[in-house]
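Observations on the three-dimensional arrangement
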Amino acid sequence: MGFEYLTNQIIVKDKDYEMPFSKGILARSLTAAGLKPSIAYSIAREIEGMLKDEGVKVISKDELRRRVYYYLIDKNYYHIAEKYLLWRRILKKHPIIILIGGASGVGTSTIAFEIASRLGIPSVIGTDSIREVMRRSISKDLVPMLYESSYTAWKAIRTPLPENCNIYITGFERHIEPVLIGVEGIIDRSLTEGLSVIIEGTHLVPGFISEKYTTMPNIIFIVLSLSSEELHKKRFSARARVSNRPMERYLKHFKIIRMINDYIVEQAKKNNVPVVENVSISQTVEKCLEIITERFMNLDDGNDDDF
Ligand SMILES: Nc1ncnc2c1ncn2[C@@H]1O[C@H](COP(=O)(O)OP(=O)(O)O)[C@@H](O)[C@H]1O
Ligand SMILES: O=C(O)[C@@H](COP(=O)(O)O)OP(=O)(O)O
């Protein structure tokens, strides 16, 4: 017995599952195509109303996509309609792996979750979590920097360094290397499973991730930055209010965190990775979605009747 007997909601059927129609899920797909959330939600409500007025009880996912697409065309949202379809086609066929790098406190996890929500990508993995796993498999004696934070790793350097090198950045580089082994493992697993994922965190530095991955068409790398030191400091106090991450620790190492921010941005420019200034959450997400859509346009085979 299907869902339709359990609810008076419209049921959306796909090949291997069915679920009640959700305005929220449809609105999210529309915001990923570039509509403002308020407009996206009102269109989702109108489409639900239309289907109910027609007495639709069950609709296939492909038919729903087709209806949404032609509704957008009727309302002259031509560009949105094409992007809406693009996302449906791509997410159906390719695992999408999005890497969001940026120094501590710049906003990588916040933006990663927003983008995942817009694109309906089920998992977001932080590199600080991957670091914890790597710490369980690599001893502190072997890689002491791994047991530090990105901005204190320099303290664990035991070998003399060349005159002109920056000890803070050298510590950071040695700190991220073992974490990136774990990152590449997550990427391999996602590719094998065919599942989209967003990986975010300060350990994702352009030029340190194997070209084998960064040249794949369905893997996209974006770096977030924050030019304003004042805003950056405020991010730590904002975060401290909702987590156990004391702002004092980050403010104490703020100069090094800023050096890391500048270094990551410099690495991004050297490796043609887009850099997005993360001042306003909505504008950052829009910009990232634009970059991601642009990139994945090339992935799309453009088969028009493919809903
Ligand atoms: N664009 C933004 N505008 C305002 N606050 C933001 C923005 N991006 C992130 N934040 C806030 O700043 C703090 C740090 O963000 P977070 O995503 O945890 O940083 P990261 O993961 O890069 O260390 C959080 O409280 C978050 O809500
Ligand atoms: O090492 C670091 O820079 C941060 C990274 O986490 P985010 O601040 O980027 O979330 O982890 P920490 O050791 O401070 O918990």
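I will try to describe carefully the structure that is included in this document. Computed from a predicted structure; not experimentally measured.

1. Concerning the nonpolar core
Ile98, Leu99, Ile115 and Ile198 are the most contacted members of the largest nonpolar core, which has 62 residues in total. Taken together, domain 1 (3–92) and domain 2 (97–299) each give at least three residues to this core, which thus spans both. In this view, Ile115 contacts Ile98, Ile100, Ile198, Val285, Cys288, Leu289 and Ile292; residues no more than four positions away in its chain are not counted. Counting 24 residues, the second largest nonpolar core, distinct from the first, contains Ile10, Ile59, Tyr71 and Leu85.

2. Some remarks on the pairing of strand β7 (residues 219–225)
Of all the seven residues making up β7, seven are buried; the element is thus mostly covered by neighbouring parts of the structure. Of the two faces of β7, both are covered, the one formed by Ile219, Phe221, Val223 and Ser225 as well as the one formed by Ile220, Ile222 and Leu224. In this sheet, β7 lies alongside strand β4 (residues 97–101) in parallel orientation, the contact comprising five bridges. Bridging from a neighbouring strand, Ile97 pairs with Ile219 of β7. Where β7 lies against strand β8 (residues 275–277), three bridges are found, and the strand directions are parallel. In the strand pairing of β8, Val223 is matched with Val275.

3. Observations concerning the environment of Glu200
Tracing the chain through its elements places Glu200 in strand β6 (residues 197–201). Separated by 83 residues in sequence, Glu200 and Ser117 place their C-alpha atoms 14 Å apart. Residues within four places of Glu200 in sequence aside, it is in contact with Ile100, Thr108, Ser109, Ala112, Val124, Ile125, Gly126 and Thr127. A polar contact of 2.7 Å, which involves the side chain of Glu200, links it to the side chain of Thr108. A distance of 3.3 Å separates a polar side-chain atom of Glu200 from the backbone nitrogen of Ser109.

4. Describing the sheet that holds strand β5 (residues 123–126)
Hydrogen bonds between backbone groups are what pair the strands of a sheet, and the pairing can be parallel or antiparallel. Taken in spatial order, the five strands line up as β5-β6-β4-β7-β8 in an open sheet, and their pairing is parallel. Looking at the sheet topology across the chains shown, the edges are occupied by β5 and β8. Strand-to-strand twist of the sheet, defined as the mean angle between neighbouring strand axes without regard to direction, takes the value 25 degrees. The strands that helix α11 (residues 254–270) touches are β7 and β8; relative to β7, the one it contacts most, it runs at about 140 degrees.

5. Some remarks on the site of ligand 2
Near ligand 2 the following residues occur: Ser104, Asp128, Arg131, Ser149, Ser150, Tyr151, Thr202, Arg239, Arg245 and Tyr250. Arg239 is positioned such that a nitrogen or oxygen atom in its side chain is 3.1 Å from an oxygen atom of ligand 2. The side chain of Arg245 places a nitrogen or oxygen atom 2.9 Å from an oxygen atom of ligand 2. Protein burial of ligand 2: of its 380 Å² of free accessible surface, 89% is covered by the chains. Of the residues belonging to the shell around ligand 2, the class tally is two nonpolar, four polar and four charged.

Rules used in this analysis
- Residues numbered from 1 in each chain as written.
- Chains lettered and ligands numbered in written order.
- Predicted model: local features only at pLDDT ≥ 70, side-chain atom pairs only at ≥ 80, totals over all residues.
- Heavy atoms only, no water.
- Core = buried A, V, L, I, M, F, W, Y, C linked by side-chain atoms within 4.5 Å.
- Buried < 20%, exposed > 50% of the residue type's maximum accessible area, 1.4 Å probe, protein only.
- Domains from an automatic or database assignment.
- Contact = heavy atoms within 4.5 Å.
- Helix = DSSP H or I, 4+ residues; strand = E, 2+ residues; numbered from the N terminus.
- Pairing = 2+ DSSP bridges.
- Polar contact = N/O pair within 3.5 Å; in protein donor to acceptor, adjacent residues only side chain to side chain.
- Axes fitted to C-alpha atoms, helices over the stretch in contact; angles between N-to-C directions.
- Near = heavy atom within 4 Å.
- Areas by Shrake-Rupley, 256 points an atom, 1.4 Å probe, with all protein chains shown as cover.
- Nonpolar A, V, L, I, M, F, W, Y, C, P; charged D, E, K, R; others polar.

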